[in-house]
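So you can see what is in the structure, the chains are spelled out below.
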Amino acid sequence: MLGQCITKNESLIAWVKEMTNLCQPTNVHWCDGSDEEYQSFCDLMVKSGTFTKLNENKRPNSYLARSHPSDVARVEDRTFICSKTKEEAGPNNNWADPDKMKAEMLPLYKGCMRGRTLYVIPFCMGPLGSPIAKIGIEITDSLYVVANMRIMTRMGKSVIEALGEKGTFIQCLHSVGAPLEPGQQDVPWPCEPDPAKKYIVHFPDDPAVWSYGSGYGGNALLGKKCIALRIASNVARKEGWMAEHMLILALTNPAGKTYYITAAFPSACGKTNLAMMMPTLPGWKVRCLGDDIAWIRRGDDGRLYAMNPENGFFGVAPGTSMQSNPNAMHSMEKNTIFTNVVLTPDGDVWWEDMGVPAPEKGIDWHGNEWTPSSGTKGAHPNARFTAPASQCPVIDKDWENPAGVPISAILFGGRRPSTIPLVNQSFSWEHGVFMGSAAGSETTAAALGASGQLRRDPFAMLPFCGYNMGDYFGYWLTFAKENRNALPKIFFVNWFRKTADGRWLWPGYGENSRVLKWICERVEGTGKAQETPIGYLPTPDAIDLSDCKVSAEDMAELLKVDKEGWIKEIESIGQNYARYGAHLPAALTAQLDELKARLNK
Ligand code: GTP
Ligand code: SPV
Ligand code: MN
């Protein structure tokens, strides 16, 4: 009944027994995380039609999966934080009473794994053995989830060893919600097709995560957004650290000095690209420590240290090319899972803006024959690659250092076609927290729903902060109580400015190194800047534009203070602040008032 149990941890054994009784699988499999096991799972998925094996000569040990058309992205309106009270969850989260939610979900799980195998996935967020790592156990009936978790987390026997007989773990229960009746033929991507019946539910007080009905990304790989952000943000506040939706990079200047930078951009707004970017400025080097999540702690020296809790990249495929992000392209040369991209006739993958011609005839993400003249996209806009971080050619030597790396600068950003300048430095920590809290961005395909609509996405954490965002703002402010001078400098960047006729004003990607250079100079106190109502903006000659094609007019547009735009912006920030009521720190209202006063002077 319990399969080949690999632990002596009694509370783990008891929980797996309980879940087995509830979900009624045909088999139970404890994942050891070995290569042989991974291979056998991939073979099983090829047989069942979930995976297509790619051409071994072109893309060794790599596979393509196509999801059900309803199951292509995170489902924010079906994501819940079940804290004791609605107020603790805040207006930024959907809330339900934890007991009521469990009572609603238990019948869904009853028999939900009939005809399937229950997999027990021991996983660790953060380097194994590190005092700040967190162990979770995900129970799932999806082999696709198991295979992705093996790339995205430290997974298997070593985690069971680290857990020991008495160790505690975060319970993560996941089912695709598609039991098989005797004789019923399985489908390649089982799930609950009705988005309104999917559930991504967090119980921060247990802590535990229950996910039902989806097999995709952040809905199903529970170590990622659910544990490393929503649950971890709760734990972090209690323990004095931070769990953030941030990339971590190391930038080395021509003189050999290295700066560590973290950046919080909303989903599909450029984290993976910036994290492993190839600077166009000669002599500058970027190395990657993480592309999506940073756990940040205060060191004994007062500085903030960032560590990536993940083990792989779950990156956006469309738009990724040898021109835009060669290091991502190299990271996915082998041992990679592709989801919802085009299958080419020679058994490889393709997607829009891959920088190579589309195949004359391929199979699109729906599994249908597709040609470039089909009039539809071959890859889903949220198509993803899952690749081991260790395969990134510019992975930093310290990426698994449990102590993390000391941060010099924190960047906030978003997809803003107008108003927000290319780069802007905060006057102080408080002003920087204001900038983070005021961040807005156009929505993207990373979440179900309309794309391209401007919304406030404070700290790029709107979908990921596991408690009241007003309290989260307040928590950020507390960091300046001690050792203010050791804190990173805070900047706001925007790579996504457009002209009225839709042309990008800034070339982006590797050219963003020019902005990073100015940021390092500001950290050193040398970069040239002018004080403006919105912050320190680079003077016209401050950003190194050597061998860069951006015109002086475009640069002026990118760095100007658009007073009218900012007046609208202030109104929108104020409206968003009002949602947080008494939880909004007075210091932020003061920042907003001061900004208004400076603009109107
Ligand atoms: P998540 O994995 O969803 O959190 O996304 P992310 O923040 O890592 O975004 P990613 O780097 O994958 O970029 C998403 C999209 O933005 C891709 O289509 C990129 O090509 C595009 N993009 C990234 N950086 C830039 C840039 O500097 N300029 C422009 N114009 N587009 C960019
Ligand atoms: C995001 O949406 O921010 C992602 C992809 O990184 S997912 O893992 O699906 O959340
Ligand atoms: Mn993300």
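Residues numbered from 1 in each chain as written. Chains lettered and ligands numbered in written order. Predicted model: local features only at pLDDT ≥ 70, side-chain atom pairs only at ≥ 80, totals over all residues. Heavy atoms only, no water.

On to the overall build of the protein chain, then. Within the protein chain one finds 16 helices and 31 strands. Since a compact globule built from 601 residues should have a radius of gyration of about 25 Å, the 24 Å found for the protein chain is in line with a globular shape. Overall, the protein chain is about 75 × 55 × 40 Å in size when its C-alpha atoms are taken along their principal axes. Taking all 601 residues of the protein chain together, 61% fall into the buried category. The contacts of the protein chain with a sequence gap of at least 6 include a subset with a gap of at least 24, amounting to 72%. For the protein chain, the exposed area adds up to about 22800 Å²; of that, 51% sits on carbon and sulfur atoms. (Helix = DSSP H or I, 4+ residues; strand = E, 2+ residues; numbered from the N terminus. Rg over C-alpha atoms; globule rule 2.2 N^0.38 Å. Buried < 20%, exposed > 50% of the residue type's maximum accessible area, 1.4 Å probe, protein only. Contact = heavy atoms within 4.5 Å. Areas by Shrake-Rupley, 256 points an atom, 1.4 Å probe, with all protein chains shown as cover.)

Before going further, it helps to examine the site of ligand 1. Lining the immediate surroundings of ligand 1 are 22 residues, of which Ala268, Lys271, Asn273, Arg384 and Tyr509 lie closest. Against a free-state accessible area of 660 Å², the protein chains account for coverage of 92% of ligand 1. Elements that contribute at least two residues to the shell around ligand 1 include exactly helix H9 (271-275) and strand S18 (312-316). For the shell around ligand 1, the leading source of residues is H9, giving 3 residues. Broken down by class, the residue content of the shell around ligand 1 amounts to 10 nonpolar, 8 polar and 4 charged. (Near = heavy atom within 4 Å. Nonpolar A, V, L, I, M, F, W, Y, C, P; charged D, E, K, R; others polar.)

A separate point is the coordination of the manganese ion (ligand 3). For the manganese ion (ligand 3), every protein donor is listed as Lys225 (NZ), His245 (NE2) and Asp292 (OD), and the spread of their distances is 2.1 to 2.4 Å. Donor residues for the manganese ion (ligand 3) sit on one chain with the sequence pattern K-x19-H-x46-D. Linking Lys225 in helix H8 (residues 223-239) with His245 in the loop between strand S12 (242-244) and strand S13 (247-252), this pair joins segments that are 20 residues apart in sequence. The burial state of Lys225 is the same as that of His245; both residues are buried. (Donors = N, O, S within 2.8 Å, 3.2 Å for Na, K, Ca; no water.)

On to the pairing of strand S10 (residues 199-203), then. Burial analysis of S10 places 5 of its 5 residues in the buried class, the great majority of the element. Of the two faces of S10, both are covered, the one formed by Tyr199, Val201 and Phe203 as well as the one formed by Ile200 and His202. Of the pairings in the sheet, the one linking strand S4 (residues 79-81) to S10 comprises 3 bridges and is parallel in character. The residue of S10 that forms the bridge with Thr79 is Ile200. (Pairing = 2+ DSSP bridges.)

Here we come to the site of ligand 2. Close contacts around ligand 2 come from Arg74, Gly217, Gly218, Lys224, Lys225, His245, Ser267, Asp292, Phe314, Arg384, Ala446 and Phe464, and that covers them all. Measuring from an oxygen atom of ligand 2, one finds a backbone N or O atom of Gly218 at 2.8 Å. Out of a free accessible area of 290 Å², ligand 2 has 99% covered by protein chains. Secondary-structure elements contributing two or more residues to the shell around ligand 2 are helix H7 (217-220) and H8. Taken together, the residues of the shell around ligand 2 sort by class into 3 nonpolar, 4 polar and 5 charged. (Polar contact = N/O pair within 3.5 Å; in protein donor to acceptor, adjacent residues only side chain to side chain.)

Okay, the packing of helix H15 (residues 563-578) against helix H16 (residues 586-600) next. Between H15 and H16, the least distance of the axes is 11 Å, while the angle of their chain directions is 160°. Taken together, the axes of H15 and H16 lie roughly antiparallel to each other. H15 and H16 meet at a crossing whose hand is left-handed. Contact residues: Lys563, Trp566, Ile567, Ile570, Ile573, Gly574 and Tyr577 in H15; Leu588, Thr589, Leu592, Leu595, Lys596, Leu599 and Asn600 in H16. Split into classes, the residues belonging to the contact of H15 with H16 amount to 9 nonpolar, 3 polar and 2 charged. (Axes fitted to C-alpha atoms, helices over the stretch in contact; angles between N-to-C directions. Parallel < 35°, antiparallel > 145°, perpendicular 65-115°, else oblique. Left-handed = near helix turned anticlockwise from the far one by under 90°.)

Reading across from one edge, S2-S3-S19-S24-S18 is the order of the 5 strands in this open sheet, with mixed pairing throughout. Looking at strand neighbours, the two that pair on one side only are strand S2 (51-53) and S18, the edges of this open sheet. The mean inter-strand angle of the sheet, taken between neighbouring strand axes irrespective of direction, is 20°. Strand direction decides the pairing type here: strand S3 (residues 63-65) and strand S19 (residues 337-339), joined by 3 bridges, are parallel. Pairing of Ala65 across the sheet is with Thr339, part of S19. Of the strands in this sheet, S2, S3, S18, S19 and strand S24 (384-388) touch helix H5 (residues 143-152), which is tilted by about 115° from S18.

Their axes nearest at 9 Å, the elements helix H11 (residues 429-437) and helix H12 (residues 469-478) cross at an angle of 155°. Judged on the interaxial angle alone, H12 and H11 are roughly antiparallel. Every pair of crossing elements has a handedness; the one defined by H11 and H12 is right-handed. Here Trp429, Glu430, Val433 and Ser437 of H11 come into contact with H12, specifically with Phe473, Trp476 and Leu477. Partitioning the contact of H11 with H12 into residue classes produces 5 nonpolar, 1 polar and 1 charged.

In this structure, Leu274, Trp351, Leu411, Trp429, Trp476 and Ile519 are the most contacted members of the largest nonpolar core, which totals 163 residues. Other than its neighbours up to four places away in sequence, Trp351 contacts Ala317, Pro318, Gly319, Thr320, Met329, Met332, Phe338, Val341 and Ala379. Ranked by size, the runner-up nonpolar core spans 36 residues in total, among them Trp30, Met105, Ile139 and Ala208. (Core = buried A, V, L, I, M, F, W, Y, C linked by side-chain atoms within 4.5 Å.)

Moving on, we come to the packing of aromatic side chains. The tally for this structure, following the rule as stated, stands at 28 aromatic pairs. Note on Phe427 and Tyr536: the rings are 5.0 Å apart at their centroids and 80° apart in plane angle, and the pair reads as edge-to-face. In this pair, Phe427 is assigned in the loop between strand S26 (423-425) and H11 and Tyr536 in strand S31 (residues 535-538), connecting sequence segments 109 residues apart. Through a chain of ring-to-ring contacts, the aromatic side chains of Phe412, Trp429, Phe434, Phe459, Tyr467, Tyr472, Phe473, Trp476, Tyr577 and Tyr580 assemble into a single cluster. Positioned above the aromatic ring of Tyr199 is the side chain of Arg78, whose terminal nitrogen or guanidinium carbon lies 4.6 Å from the ring centre. In this structure, Arg522 packs its charged tip against the face of Tyr536, placed 5.0 Å from the ring centre. (Phe/Tyr/Trp six-rings, centres within 6.5 Å; stacked < 30°, edge-to-face > 60°. Lys NZ or Arg CZ within 6 Å of the ring centre and 35° of its normal.)

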